[in-house]
Amino acid sequence: MLRTVQRGGELCRKAAASKRWAGALLALPLIFAHPACAAETANEAAVKVAFLYNFFKFIEWPESANQSKFNLCLVTPHDLGDNLLALEGKTVNGKPLAVLQDVPAKDLKTCHLVFIGKSTANAGDIPRDLKGVPVVTVSDKPGFLQQNGTIGLVQDGNRLNFEVNLDNANAANVRISAQLLKLARNLNLNK
């Protein structure tokens, strides 16, 4: 049975209304300071790319995962298009970020984060196949967390939010920072 813990979803309004929130948000990268606000002004694909990049900053992988660089893998089809060019030459915590497209399913275990587009056939098979492997799966497919996904991008009107299945993250032996979890719209626990 899936249990959902509600988190604050209207960060823009809360940030404006609360000095405490504003202070906390200043410590985070700009896109997470106001993710919902950003979704209102930038195109959806660009915001998704920014979310993916920033997720790397708030997730720790175990020593067993390749730590010399970070691999962002994309399963096609996806709608991120040329927005991925914004990630060229980017680093995360001093390590290069490689963007890998059309990665065969058998090689996804070498990725740190896998984005699965909502129109990918059998999107739920990928997190199932990666269960127990230190790979964070992210998708904009509705119901992704119930399919063993780790992070779901959720369209809420003209805003983009995200939700986290913490049990799936723990099963993958990855640590998601409390800062990121505070910004999640929902935290889903499988128990």
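Because the structure is a prediction, the values reported are computed rather than measured. (Residues numbered from 1 in each chain as written. Predicted model: local features only at pLDDT ≥ 70, side-chain atom pairs only at ≥ 80, totals over all residues. Heavy atoms only, no water.)

A.B. asks: For this particular structure, what's the right way to read the pattern of salt bridges?
C.D. replies: Here the idea is simple: oppositely charged side chains can pair when their charged atoms come close. Taken as a whole, this structure holds eight salt bridges when the rule is applied. Across the salt bridge formed by Arg185 and Glu163, the nearest N and O atoms sit 3.9 Å from each other. Linking Arg185 in the loop between α8 (178-183) and β11 (186-189) with Glu163 in strand β9 (residues 159-165), this pair joins segments that are 22 residues apart in sequence. Using a relative accessible area of 21% as the deciding quantity, one classes Arg185 as partly exposed. Take Glu163: its relative accessible area is 13%, and that puts it in the buried class. (Salt bridge = Lys/Arg side-chain N within 4 Å of Asp/Glu carboxyl O. Helix = DSSP H or I, 4+ residues; strand = E, 2+ residues; numbered from the N terminus. Buried < 20%, exposed > 50% of the residue type's maximum accessible area, 1.4 Å probe, protein only.)

A.B. asks: How do you make sense of empty space enclosed by the protein when you look at a structure like this?
C.D. replies: Counting across every chain of the model gives one cavity of 30 Å³ or more. By volume, the largest cavity amounts to about 90 Å³. Every residue along the wall of the largest cavity is listed here: Pro127, Leu130, Lys131, Gly132, Val133, Val135, Thr137, Asn148, Thr150, Asn168, Ala171 and Ala172. (1 Å grid on protein atoms, 1.4 Å probe; cavity = no way out; pocket = protein on both sides within 12 Å on 5 of 7 lines; lining within 4 Å. Points joined across faces, edges and corners; volume = space filled by probe spheres on them.)

A.B. asks: What should I look at first to understand the state of the cysteines in this one?
C.D. replies: Among covalent bonds in proteins, the disulfide is the one between the sulfur atoms of two cysteines. Counted under the stated rule, the structure contains one disulfide. Across a sulfur-sulfur distance of 2.0 Å, Cys73 and Cys111 are joined as a disulfide pair. In this structure the cystine formed by Cys73 and Cys111 twists about its S-S bond by roughly -95°; its chirality is therefore left-handed. Of this pair, Cys73 sits in strand β3 (residues 70-75) while Cys111 sits in the loop between β5 (95-101) and β6 (113-116), placing them 38 residues apart in sequence. For the pair shown, Cys73 and Cys111 are each scored as buried. (Disulfide = S-S within 2.5 Å.)

A.B. asks: Please clarify how the pairing of β6 should be interpreted in this entry.
C.D. replies: Every regular strand shows the same layout, with side chains that alternate between the two sheet faces. Burial along β6 is two-sided: the residues Leu113 and Phe115 and Val114 and Ile116 are all buried. Relative to β6, β3 runs parallel, the two sharing four bridges. Looking at the pairing, Cys73 lines up with Val114 of β6. By the bridge criterion, four bridges tie β6 to strand β7 (residues 136-139) in an arrangement that is parallel. In the strand pairing of β7, Ile116 is matched with Ser139. (Pairing = 2+ DSSP bridges.)

A.B. asks: Just to check I follow, could you spell out the side chain of Asn165 for this structure?
C.D. replies: By the element assignment, Asn165 lies in strand β9. For Asn165, a relative accessible area of 0% translates into the label buried. Within the local environment of Asn165, its side chain forms a polar contact with the backbone nitrogen of Asp167, the two atoms lying 3.1 Å apart. Polar side-chain contacts of Asn165 include one of 3.1 Å to the backbone nitrogen of Asn168. (Polar contact = N/O pair within 3.5 Å; in protein donor to acceptor, adjacent residues only side chain to side chain.)

A.B. asks: Teacher, can you tell me more about the environment of Asn161 here?
C.D. replies: Position of Asn161 among the secondary structure elements: in strand β9. Classification of Asn161 as buried rests on a relative accessible area of 5%.

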